[in-house]
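Listed here are the chains, written in short residue letters.
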Amino acid sequence: LFAPDIFSRPRPAFLAVDDDIKAEIKNILAHHYGFDQIQSIEKLEGLEINSRNFKVRTATHTYALKKAGVQAKEGDVAIQLALSQSMLQQGVPFPRLTKTKTGDLYARDHENRMWILSDFVEGAYFTGMRQQLDAVARAIAALQDQLEKSAEAQQLPLFLSLIHI
């Protein structure tokens, strides 16, 4: 009944991706970002939503690559990405996004799906230990403070419903 799950491990685990996915990702990275030397591509192990999250290693950097779900709305994604960049510029910890060769914050594949490339942030799972709870509470408070001041956040339907709770 209480079998260990992926969060019972202190660190995230990654799996090799099959050749079709690897080729698709290499094509996106080459075409949209100009990357031609990829050392490795791995998929985050775990829940279904994680199957769209990849760790990409080049000779000089490690990236997180996310394939947006089919339900993702372009307008909402664009606002969220602009908001994350704005938060980063204001000193709120967010992974730095990598723009495409054309300056966009996401790429589109041949099926019109969105792909988002950012810095990969090493870390451990949240275990709920007191020290982690305190750090998370401080981070959420700082984030909430910045979001309430952000014009981009005001455009997101979910954010608007959250601030009225």
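*Asks:* Explain unusual backbone geometry residue by residue, including any values.
*Replies:* Not every positive phi belongs to a glycine, and N112 is a case in point at roughly 70°. By the element assignment, N112 lies in the loop between β5 (107-108) and β6 (114-119).

*Asks:* Let's hear about the environment of K26: which residues, and what values?
*Replies:* Within the element layout of this structure, K26 appears in helix α1 (residues 19-33). Between the C-alpha atoms of K26 and Q37, which are eleven residues apart in sequence, the distance is 9.0 Å. Residues contacting K26, with those up to four places away along its chain left out, are I38 and I41.

*Asks:* Mind laying out the pairing of strand β3 (residues 53-58), listing which residues take part and the relevant values?
*Replies:* The buried count for β3 comes to five of six residues, which makes it a mostly enclosed element. Note that strand β2 (residues 38-44) and β3 share five bridges and pair antiparallel. Paired with I41 across the two strands is V56, which belongs to β3. Note that β3 and strand β4 (residues 62-67) share five bridges and pair antiparallel. Along β4, the bridge assignment pairs V56 with Y63. Remark: three residues form the turn of the hairpin made by β3 and β4, two consecutive strands paired antiparallel.

*Asks:* Describe helix α2 (residues 74-89), and please don't skip the residues or the numbers.
*Replies:* Between its terminal C-alpha atoms α2 stretches 23 Å, which fits the 22 Å expected from 16 residues at 1.5 Å a residue. When α2 is considered as a whole, its buried residues turn out to be V77, I79, L81, L83, S84, Q85, S86 and M87. Where α2 ends, the next residue or the one after it, G91, has phi of about 90°, a positive value.

*Asks:* Can you explain the side chain of D109? Please cite residues and give values.
*Replies:* Assignment of secondary structure puts D109 in the loop between β5 and β6. At 2.7 Å, the side chain of D109 forms a polar contact with the side chain of R113. With sequence-adjacent residues up to four places away left out, D109 is seen in contact with E24, I28 and W115.

*Asks:* I'd love a proper account of the nonpolar core, names of residues and values included.
*Replies:* Among the nonpolar cores identified, the biggest contains 15 residues, and I25, L29 and V56 are the most heavily contacted of them. Those elements that place two or more of their residues in this core are α1, β2, β3, β4 and β6. Looking at this core element by element, the count peaks at four residues for α1. Counting residues in hydrophobic clusters, the runner-up holds eight residues, among them L81, L97, Y106 and I116.

*Asks:* Tell me about the environment of M87, and please be specific about residues and values.
*Replies:* Following the sequence through the fold, M87 ends up in helix α2. Residue classification places M87 among the buried residues on the basis of a relative accessible area of 0%. Note: C-alpha distance between M87 and L147 (60 residues apart in sequence) is 8.0 Å. In this structure, M87 is in contact with V92, F94, L143, Q146, L147 and S150, ignoring residues within four places of it in sequence.

*Asks:* Can you lay out the pattern of salt bridges for me, pointing to particular residues and giving the numbers?
*Replies:* Following the criterion strictly, the structure yields six salt bridges and no others. Several salt bridges share partner residues, and in doing so they unite E24, D109, E111 and R113 into one network.

*Asks:* So what about the pairing of β4? Which residues, and what values?
*Replies:* Every other side chain in a regular strand lies on the same face of the sheet, so the side chains alternate between the two faces. The pairing of β4 with β6 spans five bridges and is classified as antiparallel. Residue K66 lies in a different strand from β6, and its bridge partner there is I116.

*Asks:* Describe the sheet that holds β2, naming the residues involved and giving the relevant values.
*Replies:* Taken together, the six strands give an open sheet; going across it, the order is β1-β2-β3-β4-β6-β5, and neighbouring strands pair in antiparallel fashion. The open sheet is flanked by β1 (14-16) and β5, the only strands paired with a single partner.

Reading the values: the criteria
- Residues numbered from 1 in each chain as written.
- Predicted model: local features only at pLDDT ≥ 70, side-chain atom pairs only at ≥ 80, totals over all residues.
- Heavy atoms only, no water.
- Helix = DSSP H or I, 4+ residues; strand = E, 2+ residues; numbered from the N terminus.
- Contact = heavy atoms within 4.5 Å.
- Buried < 20%, exposed > 50% of the residue type's maximum accessible area, 1.4 Å probe, protein only.
- Pairing = 2+ DSSP bridges.
- Expected span 1.5 Å × (residues − 1).
- Polar contact = N/O pair within 3.5 Å; in protein donor to acceptor, adjacent residues only side chain to side chain.
- Core = buried A, V, L, I, M, F, W, Y, C linked by side-chain atoms within 4.5 Å.
- Salt bridge = Lys/Arg side-chain N within 4 Å of Asp/Glu carboxyl O.

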